[in-house]
Amino acid sequence: MKKNYIYALVTVVIWATMATVVKVLMGNMPDLQALGIGSLFAFVFLFIMNAATGRLKEMRNCSPKDIAKMAGLGFLGLFLYSYLYYYGIGTLTSQEACILNYLWPIMLMIFSCIILKESITVRKVAAMLSSFVGIVVLTTGSGGTAGEGRIAGIAACIIGAACYGLFSVLNKKEDMDQNLTMMVIWLTTAVCSFAAGLPAGNWIPVRGFQWLGLIWLGVVVNAVAYLLWALSLRGIENTAKIANLAYLTPFLSVMISAVFLKERMHVTAVLALILIVGGILIQSIPASGDKVSSGERPAEQVPADSRAGSSEPENKRKD
């Protein structure tokens, strides 16, 4: 059990570094270039891992329709989501972008009610209201960036969170092998990034620490963290005890950006973070007798963040 918590905490720390690393790379590197190269590293790592474990042979059992579904999930859930998140990081402070990114569990809940017909409860409504107030506080608060760029960055992060929430629900609905699915998804993300970014002709030569940053994003954040997360959830009866540790990610991310990027921890950002993460925790705590309207399926706990994309902790390998 101790190992499970160690794996989970290491994973949370890795995820918390993402916004800061991207912010550093975004200093002079186009976001599609960073996304494309990082995604390619993730694909290569997962390809080698699947080949070494014998899982790669199972690709022969996948129909063209299955591969098309994987690619479609990759376009929606990691290409669009990551591109919008990277754009937000480039136009906002890393604190603001990371906080808004954590709207995705609320988006997951909304799409679960719409697509999976899960019940709508008073608790879920309260969670949505708390997170919505958090958005308002962050949007209207002072101390961040200003102007049209700020509004565009906020909109990009919110839309990106919606893309990831929808991706998680669809991935859960399809219930495909996550090791192979994520390999195809990262390949799709890399191909889409290169296809969309190269024609612009503004890519720059990658040098020194930038390679380290891209390898960190691709291999450590996008691939290794998944393996550690999967290990943390093995052999335990109550996955929520481990999964809820992932909600430490935005708090750690804010502190890391304050230390390494010298970003001030504004009161409005902290308040928005508390409201948004508080909303996630409100709706993740099981309760009975608070139903507003019911669907075909009972409400399920919204899982913690993971770069794998599955909406249930048990299925996560897996920004």
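A quick note: this is a predicted structure, and the numbers were derived from the prediction, not measured.

Conventions adopted
Residues numbered from 1 in each chain as written. Predicted model: local features only at pLDDT ≥ 70, side-chain atom pairs only at ≥ 80, totals over all residues. Heavy atoms only, no water. Core = buried A, V, L, I, M, F, W, Y, C linked by side-chain atoms within 4.5 Å. Buried < 20%, exposed > 50% of the residue type's maximum accessible area, 1.4 Å probe, protein only. Helix = DSSP H or I, 4+ residues; strand = E, 2+ residues; numbered from the N terminus. Contact = heavy atoms within 4.5 Å. Phe/Tyr/Trp six-rings, centres within 6.5 Å; stacked < 30°, edge-to-face > 60°. Patch = residues over 30% accessible without salt bridge, like charges linked within 9 Å, V, L, I, M, F, W, Y side chains within 5 Å. Areas by Shrake-Rupley, 256 points an atom, 1.4 Å probe, with all protein chains shown as cover. Salt bridge = Lys/Arg side-chain N within 4 Å of Asp/Glu carboxyl O. Expected span 1.5 Å × (residues − 1). Polar contact = N/O pair within 3.5 Å; in protein donor to acceptor, adjacent residues only side chain to side chain. Axes fitted to C-alpha atoms, helices over the stretch in contact; angles between N-to-C directions. Parallel < 35°, antiparallel > 145°, perpendicular 65-115°, else oblique. Left-handed = near helix turned anticlockwise from the far one by under 90°. Nonpolar A, V, L, I, M, F, W, Y, C, P; charged D, E, K, R; others polar.

Engineer: Could you give an account of the nonpolar core, with specific residues and numbers?
Structural biologist: One finds Tyr85, Tyr86, Ile99, Leu100 and Leu217 to be the most contacted residues of the largest nonpolar core, which totals 85 residues. When residues of this core are assigned to their parent elements, the largest contribution, 10 residues, is made by helix α4 (residues 64–91). Contact partners of isoleucine 99, with chain neighbours within four places excluded, come to Leu138, Val254, Ala269, Ala272, Leu273 and Ile276.

Engineer: An account of the packing of aromatic side chains is needed here, citing residue identities and associated values.
Structural biologist: What the rule picks out here adds up to 9 aromatic pairs. For the pair phenylalanine 79 and tyrosine 83, a centre-to-centre distance of 6.4 Å together with 15° between the ring planes defines the contact as stacked. Pair noted here: phenylalanine 79 and tyrosine 83 are both in helix α4, with a separation of 4 residues, about one helical turn. Here phenylalanine 79 falls in the buried class, since its relative accessible area comes to 8%. Owing to a relative accessible area of 29%, tyrosine 83 belongs among the partly exposed residues under this scheme. An aromatic cluster of at least three residues, connected via ring pairs, comprises Tyr81, Tyr85, Trp104, Tyr164 and Phe167.

Engineer: Please give an account of the side chain of glutamine 33 that cites residues and values.
Structural biologist: For glutamine 33, the position within the fold is in helix α3 (residues 31–53). Filtering out sequence-adjacent residues up to four positions away, glutamine 33 remains in contact with Trp203, Ile204 and Val206.

Engineer: Just give me the short version of a nonpolar patch on the surface, but keep the residues and values in it.
Structural biologist: The grouping of Phe251, Met255, Met265, Val270 and Ile274 at the surface amounts to a nonpolar patch, some 420 Å² of accessible area in total. Listed by contribution, the elements that provide at least two residues to the nonpolar patch are α12 (249–260) and α13 (267–284). The topology assignment puts valine 270 in helix α13. Relative accessible area serves as the criterion here: at 33%, valine 270 is assigned to the partly exposed category.

Engineer: Which residues make up the side chain of threonine 189, and what values do they have?
Structural biologist: Take threonine 189: it is sitting in helix α9 (residues 178–197). By relative accessible area, which is 0% here, threonine 189 ends up buried. Here threonine 189 is in contact with Leu35, Ser39, Gly74, Leu78 and Phe79, once residues within four sequence places are set aside.

Engineer: Can you explain α9? Please cite residues and give values.
Structural biologist: Taking 1.5 Å of rise per residue, the 20 residues of α9 would be expected to cover 28 Å, and the 27 Å separating its terminal C-alpha atoms lies within 8% of that figure. Two or three places before asparagine 179, at the start of α9, stands the capping residue aspartate 177, its side-chain oxygen 2.9 Å from that residue's backbone nitrogen.

Engineer: Describe the packing of α3 against α9, with residues and values.
Structural biologist: The N-to-C vectors of α3 and α9 enclose an angle of 150°; their axes lie 8 Å apart at closest approach. Here α3 lies roughly antiparallel to α9, going by the angle between them. Between α3 and α9 the crossing geometry is left-handed. Contacts between α3 and α9 pair Leu32, Leu35, Gly36, Ile37, Ser39, Leu40, Ala42, Phe43, Leu46, Phe47, Met49 and Asn50 from the former with Asn179, Leu180, Met182, Met183, Trp186, Leu187, Thr189, Ala190, Ser193, Phe194, Ala196 and Gly197 from the latter. Class assignment of the residues belonging to the contact of α3 with α9 gives a composition of 17 nonpolar, 7 polar and no charged.

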